[in-house]
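Now for the letters of each chain:
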Amino acid sequence: MSSCGAYGNPQFLVFSPPKLHKLPHSGRKSLLPLHIDGATKFLVRTASSAPLGGEYSEQLQGARPKQRTASKDQDEVEDPKFLADSDSCFCEFNGVQIHHKIFDAELSEDTLKEGSTQQAPTYKKTVSFPMILLHGFGASVFSWSRVMKPLSLVTGSKVLAFDRPAFGLTSRVNAVKHSSPGNQDSKPLNPFSMMFSVLATLYFIDFLPAEKAILVGHSAGALVAVDAYFEAPERVAALILVAPAIFAPLTTRNVVKENQTGVDNQIKGNSSDSNTSGNLFSRSFSMLSMFAKNIADAILNAMKGMTNMIHSLYQKALSAILRSAAGVIVIRMIIGKFGIPAVRSAWYDPNQVSDHVLQGYTKPLKVKGWDKALVEYTVALLTDSASKLKPPMAKRLSEISCPVLIVTGDTDRLVPSWNSEKLSRAIPGSSFELIKNCGHLPQEEKAEEFVSVVEKFLQRVFGVIDEPHLQAAT
């Protein structure tokens, strides 16, 4: 984790393993020291479990690892830091320990030159803005592992990815008992809410530190990126939306406005003719119509109030069910049965999903409380009152004025490519790129092509000169 110390944030927490003489007795959780490439790594281990940590298990065991996703008897650790990688970092934001990784262009170039016998390509600083990567539902920093270093060299700046609460190695907190430091007088911010992820994104812009950043959001992370833009548009240099899980508007607002204008003009013309005629019957009918309309509005408002009340009660009842022991068990069953198949189906060719990839997605399930955190995330989605106060996303897309790139796979089974293309037409001046023979995860399945698409977009937007292209990490 030496890369973390370069940024000197006073809230940094660097994980140091306990001394070996304090290891627990047999049958309890312990740390297994391993000597790899002259360095000592530590893995959490019990007497009946295999070593944790997706990056090391394939090298150490030399055999196909057993896949256990969400069974109740699997070993779970209290502190996510025990599962951290050598380049993992942790910092505190609003009482939550957020796991993140940073790649710096200068540090990456030095590492490439030292660790390779071939001459490493030289890169100039092409973009003056850092980049923040936002993962989707069920994913984590791991989803960006193949492209973080290449993107840092393409931008010539820092690239940061962090785990949103409920995912990855970010600490699991109790949303009911959670309180934000220095915020005792007001209602604490739900760490599983959309607003928390938005504010965490803006926090990391300051953390880097930078005035602006390029936000890259994948799937549900694209919604976080767009919301962060609307929260502070002056902090966002560009948006890159990867297979965005954002519904494209069905129709354009201009057509509706023009048609409505014609209808209004026709009504006004008819009213003018009616008033001119001075027909008493017409006037009486108009008064009766207005009276009926007022009664109808009163009834509709009452029904709307009852509907809102019923909806609120439904949300509370559903939240209580989800938070119950039975609800947590159901979450475990769903993830255990459909978790790995969902990862495979996200790829164009499911057979290309390696054990290393599956371990990267299932490792966070070894953190104690992952199931309850996922429940709280779901409850936050159902009861997010802050989002309901804002205009619908489809009506705000036309207000985005920063450069936007939308990139997706042509065989995305989760978010159809036609929705992404339609979304690009709703955002003025946005660019759309389709990667062939690719599913829902271009940054994983077609990493090199994804980096190339992003690089060309940045060159076009920021007017930089073509430079050598770095292959994605394998």
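That block above? That's the structure.
To start, this report covers the structure provided alongside it. (Residues numbered from 1 in each chain as written. Predicted model: local features only at pLDDT ≥ 70, side-chain atom pairs only at ≥ 80, totals over all residues. Heavy atoms only, no water.)

Here Ser143 lies in the loop between β6 (131-134) and α3 (148-155). Classification of Ser143 as buried rests on a relative accessible area of 2%. In terms of polar contacts, Ser143 uses its side chain to reach the side chain of Glu444, at 2.9 Å. (Helix = DSSP H or I, 4+ residues; strand = E, 2+ residues; numbered from the N terminus. Buried < 20%, exposed > 50% of the residue type's maximum accessible area, 1.4 Å probe, protein only. Polar contact = N/O pair within 3.5 Å; in protein donor to acceptor, adjacent residues only side chain to side chain.)

There is about 790 Å³ of room inside the second largest pocket. In terms of lining, the second largest pocket is formed by 31 residues, of which the most central are Phe137, Gly138, Ala139, Ile335 and Ala342. For the lining of the second largest pocket, the secondary structure elements donating two or more residues are α8 (325-345), α9 (355-362) and α10 (370-382). When residues in the lining of the second largest pocket are grouped by element, the largest group, eight residues, is from α8. Here the residues of the lining of the second largest pocket are counted per class, giving 19 nonpolar, eleven polar and one charged. (1 Å grid on protein atoms, 1.4 Å probe; cavity = no way out; pocket = protein on both sides within 12 Å on 5 of 7 lines; lining within 4 Å. Points joined across faces, edges and corners; volume = space filled by probe spheres on them. Nonpolar A, V, L, I, M, F, W, Y, C, P; charged D, E, K, R; others polar.)

Running from amino to carboxyl end, helix α4 (residues 194-207) crosses helix α5 (residues 220-231) at an angle of 70°, the nearest separation of the two axes being 9 Å. Overall, the two elements α4 and α5 adopt an arrangement that is roughly perpendicular. For α4 against α5, the interelement crossing comes out right-handed. For the pair formed by α4 and α5, the contact residues are Met194, Met195, Ser197, Val198, Thr201 and Leu202 on the first element and Leu223, Val224, Asp227, Ala228 and Glu231 on the second. Here the residues of the contact of α4 with α5 are counted per class, giving seven nonpolar, two polar and two charged. (Axes fitted to C-alpha atoms, helices over the stretch in contact; angles between N-to-C directions. Parallel < 35°, antiparallel > 145°, perpendicular 65-115°, else oblique. Left-handed = near helix turned anticlockwise from the far one by under 90°. Contact = heavy atoms within 4.5 Å.)

The next thing to look at is unusual backbone geometry. What is expected of a backbone is that most residues other than glycine have negative phi and most peptide bonds are trans. The step from Leu208 to Pro209 runs through a cis peptide bond, and the omega angle for that step is -10°. Along the polypeptide, Pro209 turns up in the loop between α4 and β8 (213-218). One non-glycine residue with positive phi stands out, namely Asn94, at about 50°. Among the secondary structure elements, Asn94 is positioned in the loop between β4 (89-93) and β5 (96-103). In this structure, Ser219 takes a positive phi of about 55° despite not being glycine. Looking at the secondary structure, you find Ser219 in the loop between β8 and α5. Residue Ser219 is classed as buried on the basis of its relative accessible area, which comes to 10%.

This model, assessed by the stated rule, comprises nine salt bridges. We note a salt bridge from Glu76 to Arg332, for which the minimum N-O separation is 2.6 Å. Here Arg332 lies in helix α8 and Glu76 lies in the loop between α1 (54-61) and β4, a separation of 256 residues in the sequence. Here Asp79 and Lys81 are joined by a salt bridge, their closest N and O atoms 3.8 Å apart. Residue Asp79 is classed as partly exposed on the basis of its relative accessible area, which comes to 27%. (Salt bridge = Lys/Arg side-chain N within 4 Å of Asp/Glu carboxyl O.)

Moving on, we get to the pairing of β6. Side chains Met131 and Leu133 project from β6 onto one buried face, and the interleaved Ile132 and Leu134 project onto a second face that is buried too. Tracing the backbone out of β6, into α3 and back to the parallel element strand β7 (residues 159-162) gives a crossover that is right-handed. Two elements, β6 and β8, share four bridges in a ladder whose sense is parallel. Pairing of Leu133 across the sheet is with Val216, part of β8. (Right-handed = clockwise from strand over helix to strand, strands pointing away. Pairing = 2+ DSSP bridges.)

This is a description of form; function is not addressed.
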